[in-house]
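For reference, the chains in residue letters:
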Amino acid sequence: MRLALRELRRRRRAFVPTTLALALLVVLLLSLGGLLDGLYLSSTGTLRAQQDPLVVFSDSARDSVIRSRITPEIRAAVEAVPGVARTDGLGVALVGGHVPGQADIADTAVVGYEGAVEGVPAPPPPGRAYADRSLRAAGVDLGTTVRVGPEHIPLKVIGWVRDTNFLQQGALWVEPGTWRDVLRTAFPGAAVGDGTFQTLWVAPTPGTDPTGLAARIDRAVGGTHTISRDDAVLAIPGIKEQRSTFTQIIGVTFFVAALVVALFFALLTLERTALFGVLKAIGASSHQLATTLVTQAVVITAVAYGIGGLIGVALVMVAPAQVPITLTPSRALFVAVGILVAALLGGAVSLRRIIRIDPAAAIGTGT
Amino acid sequence: MPALQLRDVRKTYTSGDSEIVALDHATLTVGSDEILALVGPSGSGKTTLLSIAGGLLSPTSGTVSVGDHDITGYSGKELTRFRREQVGFVFQTVNLVPFLTARENIMVAAELSGRGTARSTRERADQLLGELGLGQRGDNLPAQLSGGERQRVAIGRALMNEPPLILVDEPTSALDTRLGTQVMELIVGEVKRRHTAAVIVTHDTRMTHYADRTVEILDGTLAA
Amino acid sequence: MRLAFREITRARLRFGLLSGAAGLLVFLILFQSTLLSTLLSFFSGALQHQSAAVVVYNADARKNPEGSVLPTATVDAVDAVAAVDGVARAEPFGVDTMTARAGGKELDVAVLGYVLGGPGAPTDVVEGRRPRSDGEGVASDIDADRGFALGDTVRVVGPDGTYPITIVGRAHDIRFSVNPGVFVSYATFEAASRVKNPDALAVLPSMVAVSVERGADPITVAARIDRTVPGVDALDRDAAVQSLPGVSAVKISFNIIQGLAFVVVTMVVGIFFVILTVQKAAALTLLRAIGAPTATLVRSLLVQVVLVMVAAIVVGTALLTLASLGSSAKFPIEVDPGVVLTRGAVLLVLALLASLASIRRVLRIDPIAATVPAGVER
């Protein structure tokens, strides 16, 4: 162990190239993961924040929040189904918001809700809204009055919420009547009557199995499609395809990164064959050399991860607002573990060579 | 025309505040087909002298001539060319390019001079391999050759471009007496056959009788 | 040259490994490029492959066709746009995602309505023809086996009934917002919208599709429309595609990822050659000592870099071809020679630049070191 660390310290320059290459791969992996997470989180916040585990769509809407319609009659029928504790209506209108003092129109999602949303207080009075923190970048602040839609309906921001966006548009949480006004002015062809929402979120009574309840609701009410919150999130347009694309890319990148890491560690070992030969000649066992290798792999990877992580964090901080990049702890951990495994595998490949080194040949004079 | 002429050559290095004198007022002449043995303990400056003669180092003061080339003020490029064509150097350890076969190692100097593709080059290389007793080993890589065989390939490489001066640094230090004798006989035989001059650096006094003349060097100074 | 080849021949494993690793990274770059451009075309294909050189949205729509409705009650936007200098023809264009029944299943379809014979028609019709009357439609070619083949009938589904559209043509790459796209006449669009939402007060066009006069520059015309007509946002087609929701975020991400991947490949190759150069320092010193000019050694190095990169590009392209053979019809991976060549050329140049670090080391070799006995520590 000590030998390993001493070599790292005294012969730092020999390990710099490998560490650098590793750090770069870490940056690549963190960025990829960060972009995927960012795209995903900023598109699905509104639905992920719902506390009720089930959501009812009208079945012709094919799980689209925008197209679905839940009338008061349907709602009454749902609430009559045994196992339903309570329901909360939700609707979203994607409109432009004029922010005083700003030239560009902000992309907003006006969300009409009744309650049971994680991190969002009870609905504010008409004309008031809770704004998602991401709208800060658009110039919105507490007390700002954002004017939304073609008729510039005023919404005064009275509080912040976070991670509640829909399709990357900044969420403005309002009481249902305000939302219906916005919807009607922006999309006259999609106007809804009083009491109608787009989706209905359902909380089951304690002890009720949600899957069974979903099926029961659809059977009893007819013309509805009830699914879980997670499925609703996946049904948001573009999400499945984005995830699939990025996941494939991340998978291939990890694989390639692992091979590149292995290559570098193999080369590093090759470079030190003579050194290992001498060590063996003076009595070091293969096992001790293996420990050296593993220790060094871990230390180099840790340093590379540190450097790569710092660069990654810096990138996230300087990224402009339109770049949806978020570094989540689970992603950071995932990359750390992945890279460590790759480094150990690479070191393992070189292990065979080390075991085969003949100390007598190693201390002979060079060619 | 002497093969090598050093006049009052001095080589110094600065280390920190002090000045190290590697070679001090060295004057030496080697005839055009003379074999000179340069004898001294390690650290005596013999490798430095050899390096200056071989165009690997420039003297701090004094003049160096090899044949009719005064190389004292040569630029890096000129020295490179000089080393390629006017001198054959057999180093103490690293002598062969590990990824070239014995034959290719011998031919590499000729290739660098642009004569690599000529059939005569290859024929010469094979002839040298034969003279050196390596006729069957031409396609082997250095890793597949014994220490003595590698030494002989290095000698072949030094002789390939038919330079007027051969410089050999400690040819027998890694070999036992029998092999050492073989190598010395080979070097002397080849050099004499070509009427070339040679400077052989050694600290092994058993080998000095192969040379025409022996000069001693101690602490950077040649004995009178 | 010879030296370069000989070294590669004698160290096949090392160079093979590097070419393999670099080849994988090249594959990564090509794979990313293909996947992401396919993803982008799923979002924006229909808008890219229609004939209007300029599109005009409601200014409040933030360049989102599905967020844009043109008010006809106040100013007649279409006429106002048509009057602008440089505009050859301006017609209403409607875009909406509707539920439809196709191939026995219900799915989302982007219905795009344009005035027949006018701007906004699908441009890349590969089979069949454009619609000649109402009720006919052109669908995206990759959706053919989902019920969008020639002759199939696609039914827009609404609460009170359905509206049939017969597929008379197939076009390349006209998906929209990830959904299959169908180009129909504007009247068909209106009728389908009414079926989708019978309570709608009015069906308004999403934007104005504009064709420009011969010789006119779409960007200039778009700017002129912006200045002249109030309350609208005019963009040339490329700008409109870039500004589609979802597209710009994915595109920026794409550029970042590709940029990083390029940097990684370059540095990996560069670092490898540095390691290689350091490892053969003794041989290089020897060559310098026996009179090899520095230029020869540098040339040799560059030749090796080029060979490794070319091999890597070949390996990467081969892997991409394999991937494309195994890819599904739903998410096709195409091997575009243009992409391979441009990416390959950039990588080659970058790799040569990266080899500067190794070249520096070669330049620093002092031949005198050949006289120093070789040791373990170098």
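About the thresholds
- Residues numbered from 1 in each chain as written.
- Chains lettered and ligands numbered in written order.
- Predicted model: local features only at pLDDT ≥ 70, side-chain atom pairs only at ≥ 80, totals over all residues.
- Helix = DSSP H or I, 4+ residues; strand = E, 2+ residues; numbered from the N terminus.
- Rg over C-alpha atoms; globule rule 2.2 N^0.38 Å.
- Buried ≥ 20, exposed ≤ 12 C-beta atoms within 10 Å, placed from the backbone.
- Axes fitted to C-alpha atoms, helices over the stretch in contact; angles between N-to-C directions.
- Parallel < 35°, antiparallel > 145°, perpendicular 65-115°, else oblique.
- Left-handed = near helix turned anticlockwise from the far one by under 90°.
- Contact = placed C-beta atoms within 7 Å.
- Domains from an automatic or database assignment.
- Nonpolar A, V, L, I, M, F, W, Y, C, P; charged D, E, K, R; others polar.
- Pairing = 2+ DSSP bridges.
- Core = buried A, V, L, I, M, F, W, Y, C linked by C-beta atoms within 7 Å.
- pLDDT = per-residue confidence, 0-100.
- Arc of directions from axis to C-beta.
- Expected span 1.5 Å × (residues − 1).
- Bend = angle between axes of the 7 residues up to and from the residue.

1. Comments concerning the overall build of chain A
Looking only at helices and strands, chain A features 11 helices and 9 strands. What you see for chain A is a C-alpha radius of gyration of 29 Å, clearly larger than the 21 Å of a compact globule of 367 residues, by over 25%. Summarising its shape, the C-alpha atoms of chain A cover approximately 95 × 50 × 30 Å along the three principal directions. Buried residues in chain A amount to 46% of all 367 residues.

2. Section: the overall build of chain C
Looking only at helices and strands, chain C features 11 helices and 10 strands. Whereas a compact globule of 378 residues would reach a radius of gyration of roughly 21 Å, chain C reaches 29 Å, over 25% beyond that. Judged by the C-alpha coordinates and their principal axes, chain C covers about 95 × 50 × 30 Å. Across the 378 residues in chain C, those meeting the buried criterion constitute 53%.

3. Overview of the packing of helix 3 (residues 102-112) of chain B against helix 4 (residues 119-131) of chain B
Residue and element names in this part refer to chain B. Orientation of helix 3 relative to helix 4, taken along the N-to-C sense of each, is 130 degrees, at an axis distance of 9 Å. With respect to each other, helix 3 and helix 4 are oriented oblique. Of the two elements, helix 3 crosses helix 4, and the hand of that crossing is right-handed. Every residue of helix 4 that contacts helix 3 at A102, R103, I106, M107 and A110 is listed here: T121, R122, A125, L128 and L129.

4. Looking at the domain arrangement of chain C
All names here are of chain C. Domain annotation for chain C reports domain 1 (2-43 + 248-371) and domain 2 (49-243). Of note, the centres of domain 1 and domain 2, computed from C-alpha atoms alone, are 45 Å apart. At the level of elements, helix 2 (12-48) and helix 7 (247-279) are the ones that each hand at least two residues to the side of domain 1 that touches domain 2. Broken down by element, the residue count for the side of domain 1 that touches domain 2 peaks at 3 residues, all from helix 2. Residue composition of the side of domain 1 that touches domain 2, grouped by class: 4 nonpolar, 2 polar and 1 charged.

5. A look at the sheet that holds strand 5 (residues 69-70) of chain B
Residue and element names in this part refer to chain B. Strand order in this open sheet of 4 strands is 2-1-4-5, and the pairing throughout is antiparallel. Whereas interior strands pair on both sides, the edge strands pair on one side only; in this sheet they are strand 2 (18-30) and strand 5. Bridge count for strand 1 (residues 4-15) against strand 4 (residues 61-66) is 5 bridges, and the pairing is antiparallel. Across the sheet, L6 pairs through a bridge with V64, a residue of strand 4. Together, strand 1, strand 2 and strand 4 form the strand contacts of helix 1 (residues 46-53), whose direction differs from that of strand 1 by roughly 120 degrees.

6. Side note on the domain arrangement of chain A
Residue and element names in this part refer to chain A. Domain boundaries in chain A define domain 1 (2-44 + 239-362) and domain 2 (47-235). A separation of 44 Å is found between the C-alpha centroids of domain 1 and domain 2. Residue-level contacts link 8 residues of domain 1 with 10 residues of domain 2. Here the side of domain 1 that touches domain 2 gets 4 residues from one element, more than from any other, and that element is helix 2 (residues 12-48). Broken down by class, the residue content of the side of domain 1 that touches domain 2 amounts to 4 nonpolar, 3 polar and 1 charged.

7. Concerning the nonpolar core
Core analysis: the largest hydrophobic core is formed by 292 residues, its most contacted members being L25(A), L25(C), V54(C), V56(C), V210(C) and V268(C). Ranked by residue count, the leading element in this core is helix 2 of chain C, at 19 residues. With near-sequence residues (within four places) excluded, V54(C) lies in contact with V210(C), V212(C), P218(C), V221(C), A222(C), I225(C), A234(C), L235(C) and D236(C).

8. Description of the interface of chain A and chain C
On the side of chain C, 54 residues touch chain A, which itself brings 51 residues to the contact. For the side of chain A that touches chain C, the secondary structure elements donating two or more residues are helix 2, strand 2 (84-98), helix 7 (239-271) and helix 8 (273-281) of chain A. Here the element with the most residues in the side of chain A that touches chain C is helix 7 of chain A; it accounts for 13 residues. Partitioning the side of chain A that touches chain C into residue classes produces 32 nonpolar, 14 polar and 5 charged.

9. Description of the pairing of strand 5 (residues 145-148) of chain A
All names here are of chain A. Going residue by residue along strand 5, you find V146 and V148 tucked away on one face and T145 and R147 left uncovered on the opposite face. One ladder, built from 2 bridges, connects strand 2 with strand 5; its direction is antiparallel. Paired with G97 across the bridge in strand 5 is V148. Relative to strand 6 (residues 153-161), strand 5 runs antiparallel, the two being bridged by 4 bridges. Its bridge partner lying in strand 6, V146 is registered against L155. Linking two consecutive strands that pair antiparallel, namely strand 5 and strand 6, is a turn of 4 residues; a positive phi of about 80 degrees is found at G149 within it.

10. Concerning the packing of helix 2 of chain C against helix 10 (residues 337-354) of chain C
If you want to describe how two helices pack, look at the angle between their axes and the distance between the axes. Residues and elements named next belong to chain C. One can describe the packing of helix 2 onto helix 10 by two numbers: an axis separation of 11 Å at closest approach and a directional angle of 140 degrees. Between helix 2 and helix 10, the angle falls in the class oblique. Where helix 2 crosses over helix 10, the two elements pack in a sense that is right-handed. Between helix 2 and helix 10, the residues in contact are V26, I29, L30 and S33 and V339, V340, R343 and L347, respectively.

11. Examining the sheet that holds strand 6 (residues 87-90) of chain B
All names here are of chain B. Strands sit in the order 6-7-8-3-9-10 across an open sheet of 6 strands; the sheet is mixed. Here the strands that pair on one side only, and so sit at the sheet edges, are strand 6 and strand 10 (221-222). Bridging between strand 6 and strand 7 (residues 165-169) involves 4 bridges; their strand directions are parallel. The residue bridging F89 from the neighbouring strand is L167, located in strand 7. Packed onto the sheet, helix 5 (residues 147-160) meets strand 6 and strand 7 and runs at close to 170 degrees relative to strand 6.

12. Structural notes on the confidence of the model for chain C
Residue and element names in this part refer to chain C. Overall, the predicted model of chain C reaches an average pLDDT of 86, with 96% of residues at or above 70. In the model of chain C, helix 7 stands out as the element of lowest mean pLDDT, 82, in contrast to strand 8 (residues 181-185), which has the highest, 95. Across the interface, the model reports ipTM at 0.79; the global pTM reads 0.73.

13. Quick notes on unusual backbone geometry
Phi angles above zero are rare outside glycine, and L167(A) is one such case at about 50 degrees. By the element assignment, L167(A) lies in the loop between strand 6 and strand 7 (170-174). Its 23 C-beta neighbours within 10 Å are what place L167(A) among the buried residues. Non-glycine residue H195(B) carries a positive phi angle of around 55 degrees.

14. Quick look at helix 2 (residues 76-85) of chain B
Taken together, the buried positions of helix 2 of chain B are occupied by T80(B), R83(B) and R84(B). Buried positions in helix 2 of chain B, seen along its axis, are confined to an arc of 100 degrees and lie on one side of it. Packing partners of the buried residues in helix 2 of chain B comprise strand 6 and helix 3 of chain B together with helix 8 (281-289) of chain C.

15. Here we look at the environment of T295(A)
Residue and element names in this part refer to chain A. By the secondary structure assignment, T295 is in helix 9 (residues 286-318). A tally of 18 C-beta atoms within 10 Å means that T295 is categorised as partly exposed. Spatially, the C-alpha atom of T295 lies 10.0 Å from that of G347, the residues being 52 residues apart in sequence.

16. Details of helix 2 of chain A
Residues and elements named next belong to chain A. Relative to the 54 Å expected for 37 residues at 1.5 Å per residue, helix 2 spans just 47 Å between its end C-alpha atoms, considerably shorter than the ideal helical length. Of all the bends in helix 2, the greatest, near 40 degrees, is centred on S42. Across the 37 residues that make up helix 2, a large majority, 28, are buried.

17. Topic: the pairing of strand 4 of chain B
All names here are of chain B. Bridging between strand 4 and strand 5 involves 2 bridges; their strand directions are antiparallel. Paired with V66 across the two strands is H69, which belongs to strand 5. The turn linking strand 4 back onto strand 5 is made up of 2 residues, and G67 within it adopts a positive phi angle of 65 degrees.

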